[in-house]
Amino acid sequence: METAVFIVCAVIVLAGSLGVVLARNPVHAALSLVGTLFGVAVLFLNLEAHFLAAVQIIVYAGAIVVLFLFVIMLLGVDRLEDISIEPILGQRVLATFVGLAGFGLGAAYIATSVEGATISTSSLLRVPASNLHHIAEVLFTDYVYAFEATAALLTISVVGAVVMTRRAGRNRVTQTTAGED
């Protein structure tokens, strides 16, 4: 059963990561990233790393991707860009070479390290059942003010960015209509 879950999640992660890289629309790329992050979270659950799975969903899929989408919408997705023009000559060839070299090195490492592997990774990643309880207790007792201050700071920064963007957009509209009179 664990092997089947691993295979399905690995396919989801690979498809999502390809969607992030190959999608022309940045919103579709961000949604592919959500699929990738959920697949990785299920892989963490398969390894019995429940805290990492929860952090993966709450922090990365919940907060970071929402922040990405906010910035994408703030910058404007409605503009079409010509991606056939390279701002830096040869960057695609160099990126392809570096990607293939990284893939080759990773494959070579896996091929040489599989021969001597005798310990399973699931036994290495097991943690005591009370670890999650201890982390939550410390976070919500000793560090509760820092935790709440960080949440307030992030909320205030998002609201400030929205207010500044709306004000800048309103000033542009006012200047355009004043110039037409």
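Every chain is numbered independently, its residues counted from 1 as its sequence is written. Only residues with pLDDT of at least 70 get local features here, since the model is predicted, and only at 80 or more are side-chain atom pairs given and counted; chain-wide, interface and lining totals rely on the full set of residues. To get the side-chain values, take all heavy atoms of the structure and skip hydrogens and water.

S.K.: Please clarify how the overall build of the protein chain should be interpreted in this entry.
M.R.: Scanning the protein chain from N- to C-terminus turns up 7 helices and 0 strands. Runs of H or I in DSSP of at least four residues are treated as helices and runs of E of at least two as strands, each being numbered from the N terminus. Along the chain direction, N to C, the helices and strands of the protein chain fall in the order α-α-α-α-α-α-α. Relative to its 181 residues, the protein chain shows a buried fraction of 12%. When checking whether two residues touch, look at their non-hydrogen atoms; a contact exists if any pair is within 4.5 Å. Considering only intrachain contacts with a sequence separation of at least 6, the fraction spanning at least 24 residues in the protein chain is 58%. For the accessible areas, the method is Shrake-Rupley and the probe is 1.4 Å, while residue cover comes only from the protein chains on display. Per element, the accessible surface of the protein chain, about 14,100 Å² overall, is 72% carbon and sulfur. Partly exposed describes any residue whose relative accessible area lies between the buried limit of under 20% and the exposed limit of over 50%, with all areas from a 1.4 Å probe on protein chains only and scaled to the type maximum.

S.K.: Honestly, a nonpolar patch on the surface in this entry has me stumped. Any pointers?
M.R.: Residues with no salt bridge and a relative accessible area higher than 30% make up the patches, which join like charges within 9 Å and nonpolar side chains (Val, Leu, Ile, Met, Phe, Trp, Tyr) within 5 Å. The rule for a salt bridge is simple: a side-chain nitrogen of Lys or Arg has to be within 4 Å of a carboxyl oxygen of Asp or Glu. Nonpolar side chains collect at one region of the surface, where Phe38, Ile57, Ile58, Val59, Tyr60, Ile64 and Phe68 lie side by side and expose about 600 Å² of accessible area between them. Looking at the nonpolar patch element by element, the count peaks at 6 residues for helix H3 (residues 50-75). When you line up the elements, Ile57 lands in helix H3.

S.K.: So what exactly am I meant to see when it comes to the side chain of Asn46 here?
M.R.: Its location among the elements puts Asn46 in helix H2 (residues 26-46). When near neighbours in sequence (up to four residues on either side) are disregarded, Asn46 contacts Glu2, Val5 and Phe6.

S.K.: Just to check I follow, could you spell out the nonpolar core for this structure?
M.R.: When a protein is soluble and globular, its nonpolar side chains tend to lie buried together. Side-chain atoms within 4.5 Å link the members of a nonpolar core, which is a set of buried Ala, Val, Leu, Ile, Met, Phe, Trp, Tyr and Cys residues. Listed in full, the 7 residues of the largest apolar core are Val27, Ala30, Val34, Leu37, Ala61, Val65 and Ile72. Sorting the residues of this core by element identifies H2 and H3 as the ones contributing at least two each. Of the residues forming this core, the biggest block, 4 residues, is contributed by H2. With sequence-adjacent residues up to four places away left out, Ala30 is seen in contact with Val65, Leu69 and Ile72.

S.K.: Explain the packing of helix H1 (residues 2-22) against H2 to me, please; I cannot follow it from the model alone.
M.R.: Angular values range over 0 to 180 degrees, each being the angle between N-to-C directions of two axes fitted as lines to C-alpha atoms, with helices fitted over their stretch in contact. The geometry of H1 relative to H2 is characterised by a closest axis approach of 8 Å and an angle of 160 degrees between their N-to-C directions. The angle between H1 and H2 falls in the class roughly antiparallel. In this structure, H1 crosses over H2, and the sense of that crossing is left-handed. Contact with H1, carried on its side by Glu2, Val5, Phe6, Cys9, Ile12, Val13, Gly16, Ser17, Gly19 and Val20, involves Ala29, Ser32, Leu33, Gly35, Thr36, Gly39, Val40, Val42, Leu43 and Asn46 of H2 and no other residues of that element. The residue inventory of the contact of H1 with H2, partitioned by class, reads 11 nonpolar, 8 polar and 1 charged. Orientation labels follow simple angle bins: below 35 degrees gives roughly parallel, above 145 gives roughly antiparallel, 65 to 115 gives roughly perpendicular, and whatever is left gives oblique. Crossings are sorted by hand: turned counterclockwise from the far helix by less than a right angle, the near helix makes the crossing left-handed, and turned clockwise it makes it right-handed. Classification convention: Asp, Glu, Lys, Arg as charged; Ala, Val, Leu, Ile, Met, Phe, Trp, Tyr, Cys, Pro as nonpolar; all other residues, Gly among them, as polar.

S.K.: How should H1 be read in this particular structure?
M.R.: Each α-helix winds once per 3.6 residues, and so residues spaced three or four apart point in a common direction. Multiplying 1.5 Å by the residue count of a helix minus one yields the expected span of that helix. Between its terminal C-alpha atoms H1 stretches 30 Å, which fits the 30 Å expected from 21 residues at 1.5 Å a residue. What H1 keeps buried is the set Cys9, Val13, Gly16 and Gly19. All buried residues of H1 lie within an arc of 125 degrees about the axis, which places them on one face of the element. Opposite the buried face of H1, at more than 90 degrees from it, the exposed residues are Thr3, Val11, Leu14, Leu18, Val21 and Leu22. Buried residues in H1 make contact with H2. It is the directions from the helix axis to the C-beta atoms whose arc is reported.

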